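Observations on chain architecture
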Amino acid sequence: MNDGPGAPAVHRGNVTPPTFPYALAPVDRTLWGFNNALIAGVAKPLAAIHRAPISPFARERIRGFAANLVSPRKVAANILHINRLISNELSGNVRP
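What you see is a predicted model, and the numbers here were worked out from it, not measured in a lab. Each chain carries its own residue numbering, running from 1 in the direction its sequence is written. Whole-chain, interface and lining totals are the exception, using all residues; otherwise, since this is a predicted model, local features are given only for residues with pLDDT of at least 70 and side-chain atom pairs are given and counted only at 80 or more. Excluded from the side-chain calculations are hydrogens and water; all other atoms, namely the structure's heavy atoms, are used.

Observations concerning the overall build of the protein
Across its full length, the protein carries 3 helices and 0 strands. Put simply, DSSP marks the helices as runs of H or I at least four residues long and the strands as runs of E at least two long, and each gets a number from the N terminus on. Reading the protein from its N terminus to its C terminus gives the helix and strand order α-α-α. All accessible areas in this document rest on Shrake-Rupley with a 1.4 Å probe, and a residue is counted as covered only by the protein chains that are shown. When the accessible surface of the protein is split by element, carbon and sulfur atoms take 67% of a total near 8900 Å².

As structure tokens, this is what we get:
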């Protein structure tokens, strides 16, 4: 039972994956720092200023309006997906 073709690899225990040097790591860290500073220094204060004069009721209505703008896109995507499923079934293709 323990002598199959992959037995030596299985019984070796935890194997660490190979490490590859990532040349763009400094660029990634720099961009993360810039984005983080932009959010903390600009977006957060602007959000606080935006929230101050607008009541929670109005913010909720604005959020609902934005959600309603997305709904037609979701409906269209669902219709296209259903059409694709139907055409696959009619053509004999079983993969969705």
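A short note on the confidence of the model for the protein
Across the protein, the average pLDDT comes to 83, with 90% of residues at 70 or higher. Values of pLDDT, ranging from 0 to 100, describe the predictor's confidence in every residue of the model. The weakest mean pLDDT in the protein belongs to helix H1 (residues 7–11) at 76; the strongest belongs to helix H2 (residues 25–51) at 92.

Observations regarding H2
Here the expected span of a helix is defined as 1.5 Å times the quantity of residues minus one. With 27 residues, H2 should reach 39 Å at 1.5 Å per residue; the first-to-last C-alpha distance of 36 Å fits that figure. Here the bend at a residue is taken as the angle between two axes, fitted respectively to the seven residues that end there and the seven that start there. The largest bend along H2 measures about 35 degrees and falls at Ile39.

Brief notes about a nonpolar patch on the surface
Residues forming no salt bridge and having over 30% relative accessible area are the ones grouped into patches, like charges within 9 Å of each other and nonpolar side chains (Val, Leu, Ile, Met, Phe, Trp, Tyr) within 5 Å. Salt bridge, as used here, is a side-chain nitrogen of Lys or Arg placed within 4 Å of a carboxyl oxygen of Asp or Glu. Residues Phe34, Leu38, Val42, Leu46 and Ile49 make up a contiguous nonpolar surface patch of about 490 Å² in total accessible area. Note on placement: Leu46 falls in helix H2.

What about the pattern of salt bridges?
For the structure shown, the criterion picks out 1 salt bridge. Note that Arg61 is salt-bridged to Glu60, the shortest N-O span being 3.2 Å.

A short note on the side chain of Arg59
Position of Arg59 among the secondary structure elements: in helix H3 (residues 56–91). Categorising residues by exposure relies on relative accessible area from a 1.4 Å probe, with only protein chains included: less than 20% of the type maximum marks a residue as buried, more than 50% marks it as exposed, and the intermediate range marks it as partly exposed. Residues counted as positive are Lys and Arg, residues counted as negative are Asp and Glu, and His and the chain ends are not counted. Salt bridges are absent for the buried Arg59, whose nearest opposite-charge side chain, Glu60, sits at 8.9 Å. Think of a polar contact as two N or O atoms within 3.5 Å of one another; within protein, one of them needs to be a possible hydrogen donor and the other a possible acceptor, and neighboring residues in sequence only count if both atoms come from side chains. A polar side-chain atom of Arg59 sits 2.6 Å from the main-chain carbonyl oxygen of Ile54. In this structure, Arg59 is in contact with Arg51 and Ile54, ignoring residues within four places of it in sequence. For this analysis, residues touch if any pair of their heavy atoms sits within 4.5 Å.

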